[in-house]
Amino acid sequence: KRVAALFPDVPLPDWLHVFSGSLLPTVPGIRVDRLGNGIATPSLRADATQLPFRQSSFKICAADPPYAVTDATRYGTGPVNKPAVLRELARVVTTGGYLIWLDTTLPIYRKREWHHWGLICIQRSTNHRTRLCSLFTRASPF
């Protein structure tokens, strides 16, 4: 809800949430994850590098991938090819649409696909990893 406040023109039911199986089913929007294991409750099971959506289907996408190989192993998903996911999200997000990417680093992205315009530092408490909320706009037609 806090991040959604940055995008008041996009209603929450219109959001695509990728790597979001642990989001509660009450969170509006389409929740996509590879897992469906009782803990993860996505509305759709799919690989984020091959999403089953048409080109330019979404105005906004929020992505919260496993931050490191150790996190992916803990979730049982294996490593994430983040550049491939960013390319696929560029396909399904409309020109001028938004990507909110939560990670511990700024991901590698193609400048012809994404315009990086902001960072929000997230620090839960002491002795926790600092996370970055990287904000992008879809730069050009795919």
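This is a predicted model, so every value here is computed, not measured.

Reading the values: the criteria
- Residues numbered from 1 in each chain as written.
- Predicted model: local features only at pLDDT ≥ 70, side-chain atom pairs only at ≥ 80, totals over all residues.
- Heavy atoms only, no water.
- Helix = DSSP H or I, 4+ residues; strand = E, 2+ residues; numbered from the N terminus.
- Buried < 20%, exposed > 50% of the residue type's maximum accessible area, 1.4 Å probe, protein only.
- Areas by Shrake-Rupley, 256 points an atom, 1.4 Å probe, with all protein chains shown as cover.
- Lys, Arg positive; Asp, Glu negative; His and termini not counted.
- Charge placed at Lys NZ, Arg CZ, Asp CG, Glu CD.
- Phe/Tyr/Trp six-rings, centres within 6.5 Å; stacked < 30°, edge-to-face > 60°.
- Lys NZ or Arg CZ within 6 Å of the ring centre and 35° of its normal.
- Salt bridge = Lys/Arg side-chain N within 4 Å of Asp/Glu carboxyl O.
- Contact = heavy atoms within 4.5 Å.
- Polar contact = N/O pair within 3.5 Å; in protein donor to acceptor, adjacent residues only side chain to side chain.

**A word on the overall build of the protein chain**
Counting secondary structure elements, the protein chain contains 2 helices and 7 strands. Its helices and strands taken in sequence order, the protein chain reads β-β-β-β-α-α-β-β-β from the N to the C terminus. Along the first, second and third principal axes, the C-alpha set of the protein chain runs to 35 × 30 × 30 Å. When burial is assessed residue by residue, the protein chain has 42% of its 142 residues classed as buried. Taken as a whole, the protein chain presents about 7900 Å² of accessible surface, with 57% of it coming from carbon and sulfur. On the protein chain, the mean spot of the 18 positive side-chain charges and the mean spot of the 9 negative ones are 2 Å from each other.

**Quick word on the packing of aromatic side chains**
To describe a pair of aromatic rings, you give the distance between the ring centres and the angle between the ring planes. Scanning all chains against the criterion turns up 7 aromatic pairs. Judged by centre distance (4.7 Å) and plane angle (50°), the rings of Phe-7 and Tyr-98 are tilted. Note that Phe-7 is positioned in the segment before strand S1 (16-18) and Tyr-98 in strand S5 (residues 93-103), a separation of 91 residues in sequence. Take Phe-7 and Tyr-98: they sit in the same class, and that class is buried. Aromatic side chains Tyr-98 and Trp-117 sit 6.5 Å apart centroid to centroid with 70° between the ring planes, which places their arrangement in the edge-to-face category. Of this pair, Tyr-98 sits in strand S5 while Trp-117 sits in strand S6 (residues 114-122), and the two are 19 residues apart along the sequence. Relative accessible area serves as the criterion here: at 19%, Tyr-98 is assigned to the buried category. Among the aromatic residues, those joined into a cluster by ring pairs are Phe-7, Trp-15, Tyr-98 and Trp-117. Above the plane of the ring of Trp-114 lies Arg-138, whose end atom (NZ or CZ) is 6.0 Å from the centre.

**Section: the pairing of strand S7 (residues 131-138)**
With 8 of 8 residues buried, S7 lies mostly within the body of the structure. Of the two faces of S7, both are covered, the one formed by Arg-131, Cys-133, Leu-135 and Thr-137 as well as the one formed by Leu-132, Ser-134, Phe-136 and Arg-138.

**Observations concerning the pattern of salt bridges**
Evaluated as defined, the whole model comprises 5 salt bridges. Lys-82 is paired through a salt bridge with Asp-103; the nearest N and O atoms lie 2.8 Å apart. Of this pair, Lys-82 sits in helix H2 (residues 82-92) while Asp-103 sits in strand S5, placing them 21 residues apart in sequence. When its relative accessible area of 0% is taken as the criterion, Asp-103 is described as buried. Of the charged contacts in the structure, one is a salt bridge between Arg-91 and Glu-88, with a shortest N-O distance of 2.8 Å. One end of the pair is Arg-91 and the other is Glu-88, both in helix H2 and 3 residues apart, which spans about a single turn. With respect to class, Arg-91 is no different from Glu-88; both count as buried.

**Some remarks on the environment of Thr-49**
For Thr-49, the location among the structural elements is in the loop between strand S3 (44-45) and strand S4 (58-63). Sequence-distant contacts of Thr-49, that is, excluding residues within four places in its chain, are made with Asn-81, Ala-84, Val-85 and Glu-88. At a separation of 2.7 Å, a polar atom in the side chain of Thr-49 contacts the side chain of Asp-47.

**A few points about H2**
Taken across its 11 residues, H2 has 9 buried, putting it largely inside the fold. Turning to H2, its buried residues number three or more, namely Lys-82, Ala-84, Val-85, Leu-86, Glu-88, Leu-89, Ala-90, Arg-91 and Val-92. In this fold, the buried residues of H2 make contact with S1, S4, S5, S6 and S7. Near the N-terminus of H2, the side chain that reaches the backbone nitrogen of Ala-84, with its oxygen 3.1 Å away, is that of Asn-81.

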